[in-house]
Structure formats: C-alpha cells, structure tokens
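Per-entry structural report
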Amino acid sequence: MAGKLYLVPTPIGNLGDISRRAAEILEAVDFIAAEDTRVTVKLLNHLGLKKPMTAYHRHNCGTAGPAVLERIQAGENCALVTDAGTPAISDPGEDLVALCAGAGVAVESIPGPCALTVALSVSGLPTARFTFEGFLPLNKKNRWTRLDALRNEERTMVFYEAPHKLRATLEDLAAAFGSDRPLAVCRELTKLHEEVLRLTIGEAAARYAAQEPRGEFVLVIAGLPAQAPAADGEGALARALELRREGLPLKLAAARAAEEFGGKKRAIYDQVLEIEGK
Ligand code: SAM
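Read on for a plain summary of the structure. (Residues numbered from 1 in each chain as written. Predicted model: local features only at pLDDT ≥ 70, side-chain atom pairs only at ≥ 80, totals over all residues. Heavy atoms only, no water.)

A few words on the sheet that holds strand β7 (residues 156-161). Pairing between sheet strands relies on hydrogen bonds along the backbone, with the strands arranged either parallel or antiparallel. The strand order across the open sheet built from 5 strands is β6-β7-β10-β8-β9, with neighbouring strands paired in mixed fashion. Sheet topology places β6 (130-134) and β9 (195-200) at the edges, where each strand pairs with a single neighbour. When the angles between neighbouring strand axes are averaged without regard to direction, this sheet yields 20 degrees. Where β6 meets β7, 4 bridges bridge the pair, whose relative direction is parallel. Counterpart to phenylalanine 132 in the pairing with β7 is valine 158. (Pairing = 2+ DSSP bridges. Helix = DSSP H or I, 4+ residues; strand = E, 2+ residues; numbered from the N terminus. Axes fitted to C-alpha atoms, helices over the stretch in contact; angles between N-to-C directions.)

Printed below as a string of structure tokens:
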C-alpha cells in the first residue's frame, strides 16, 4: 500500500512555533524531504529526533520529486519541510504536491506557521479579501505585466521580498500604486528583531533608501479604495464587468451584479454583451 506525503510547516523564526502535531508527524514518518537538510537537522536536534533525510529543493526538484514519489508509492511515508513556513507556498513544494496528487497519492497538510498569514493578520489592513502575490517576477516585462494587472486591485495585496531586492521593489510598487498607498512592512516576523511598520509606500522607499534593508520581509499593501456604486446602474455594470474579468459566465455575472447593486439582470446582460462584443 502506498504511503502518504505530509506537508509539515516549520517555524519562520521562533522555534517554539513548531506544533505538537508537526513534531509527531516528523517523528512518525519514514523519511523527510527537506529544502536544506542542514537547516532541518537543527530543528530535529531541537526536537530530539533523528530521521533519514533527502534533499528536495529548487535546483533538484525535477529528479528529486519523482524519486520521492517512487518511495511513497512503495509504501514509505514522507514529510516535506522547507527552511521555514508552510511547504508549497512560494517554494518548489507545490510541484511535489501536484506530482503526488496527480499520481493518486494521499497528501495531508498540517496547519502551522506561514509568513503570509502572520503578516496579513498583523498588518492593520483589511483582511476580508486579499490576494497573495508571492515574489514579483525578476524579469522586467513580466514584473510590469503583473503590476499593471494589479493597478485596480481593490483587495489587500501581499508580497514576499528578499532584503537585497527590497529597495528596487518599493520603487516599482510606488510607480504602480502611487507613493501615498498605505503599506505594512513586516520584517523578521516571530524573531527577536520583529518589526511592523505601518506607513505609505513612499515613506517606506525613503526609509530604506537611507537604511540598508536587513532580514526577511513581507509587504502588505492596501487595495485601491472601492468605487462607490453609481445610482444610475453604472455600479451594476462595472461589477458585472469585474466578475467577467474574474472568469464568471456572463449570465451569472449579470445575475450577481443585479443582486448586489439592483437593476434588471437582462439589461446588465445586454450591456455587458455589447461592450464585450466591441
Ligand atoms: N513557505 C514559506 C511561508 O509561506 O511561510 C515562505 C517561503 S519563501 C521562499 C520565503 C519568504 O517568506 C521570504 O523571502 C520572506 O519574504 C518571507 N518570510 C519568511 N520568514 C519570514 C519572517 N520571519 N519574517 C518576514 N518574512 C518572512
């Protein structure tokens, strides 16, 4: 019988954040697939555990992934861990999950530390609707395609960034969203020098132009303030167009916009059809 792949989150700074269940799984599995075995051995030492490990990271996932899958299919249980946080969130773990799930192997995710949720929850910005953007692309064209697509984003946006790229990223974010846009710079979360700065993108750019960025960063940026619905039906039309951009079928988009903003489904349907037909 095939084994299971467990996604085991590890602390993003404070070793006390390893959960009892995460530790039990690390103890129970046959082997651990680790992003960096030197980092994981420190955690295992902290827990008083010894366990066979294999490396699974960005540079070897093409060959290491199928090898891990083969061992699981042969009956072994595997825990996937990364250097910090929840595996498969902005790291190559997502490929291993897809590989195993695609092969019909059971995958179980253990809840635990994740830089995204720690930053979002402490940001002071709206959390009801948000979009996780991870790392912005390095390639200039791809980066601006992504930023352009976010210009009218009304949801709170969460980005990961490395310290040596922070200055350039803050400049690009200011150009895309404006210097006055509220931002929470979440640095070294759960660590001794944890810091959460709630300021504007422009203020953050000025601060880090004068001071070398150090540590690990999550940037949480306020979305564009929502447009007030227009009384003349424009609100319903705008909402229907937005829902269409999100991929909703026309009929459903018109019905939902009519429900939210008032107006006749059929009229909204026809207006969208006309605009899209142009
Ligand atoms: N899978 C991990 C997670 O979701 O927590 C994230 C992995 S990603 C490769 C690493 C990025 O997470 C860092 O560049 C940084 O943006 C963010 N990060 C990780 N630990 C952090 C911390 N203690 N404080 C702030 N950001 C952190």
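Once the structure has been displayed, the description carries forward.
Core analysis: the largest hydrophobic core is formed by 21 residues, its most contacted members being Phe159, Leu173, Phe177, Leu183 and Val185. Sorting the residues of this core by element identifies α6 (140-150), β7, α7 (166-177), β8 (182-187), β9, α8 (201-210) and β10 (217-221) as the ones contributing at least two each. Each residue touching leucine 173, except ones within four places of it in the same chain, is listed here: Leu136, Leu147, Phe159, Gly178, Ile201, Leu219 and Ile221. (Core = buried A, V, L, I, M, F, W, Y, C linked by side-chain atoms within 4.5 Å. Buried < 20%, exposed > 50% of the residue type's maximum accessible area, 1.4 Å probe, protein only. Contact = heavy atoms within 4.5 Å.)

If you check which residues of helix α5 (residues 115-122) are buried, you get Ala115, Leu116, Ala119 and Leu120. Along α5, the residues classed as buried sweep out an arc of 120 degrees about the axis, all on the same side. Here the buried face of α5 lies against β6, β7, β8 and β10. (Arc of directions from axis to C-beta.)

Within the element layout of this structure, isoleucine 89 appears in the loop between β4 (78-81) and α4 (93-102). Overall, the relative accessible area of 32% leaves isoleucine 89 in the partly exposed class. Separated by 45 residues in the primary sequence, isoleucine 89 and glycine 134 have C-alpha atoms spaced 8.1 Å apart. Setting aside its immediate chain neighbours within four residues, isoleucine 89 contacts Cys114, Phe132 and Tyr160.

The full count for this structure, using the stated rule, is 17 salt bridges. Across the pair glutamate 188 and lysine 191 runs a salt bridge, and its minimum N-O distance is 3.3 Å. Each of Lys4, Arg21 and Glu108 takes part in one network of salt bridges that share partners. (Salt bridge = Lys/Arg side-chain N within 4 Å of Asp/Glu carboxyl O.)

Let us now look at the side chain of arginine 181. Here arginine 181 is to be found in the loop between α7 and β8. Although arginine 181 lies buried, it forms no salt bridge, and the closest oppositely charged side chain, glutamate 153, sits 8.7 Å away as judged by the N-O distance. Separated by 2.7 Å, the side chain of arginine 181 and the backbone oxygen of alanine 222 make a polar contact. Ignoring anything within four residues of it in the chain, the contact list for arginine 181 reads Arg151, Met157, Leu199, Thr200, Ile201, Ile221, Ala222, Gly223 and Leu224. (Lys, Arg positive; Asp, Glu negative; His and termini not counted. Polar contact = N/O pair within 3.5 Å; in protein donor to acceptor, adjacent residues only side chain to side chain.)

Let's shift gears to the pairing of β10. Consecutive side chains along a regular strand alternate between the two faces of the sheet. With 5 of 5 residues buried, β10 lies mostly within the body of the structure. Residue alternation in β10 divides its side chains into two sets, Phe217, Leu219 and Ile221 and Val218 and Val220, and both sets are buried. Where β7 and β10 come together, 5 bridges link them in antiparallel fashion. Bridge pairing in β10 places tyrosine 160 opposite valine 218. Pairing between β8 and β10: 5 bridges, direction antiparallel. Note on β10: the bridge partner recorded for valine 185 is leucine 219.

That is the geometry; function is a separate question.
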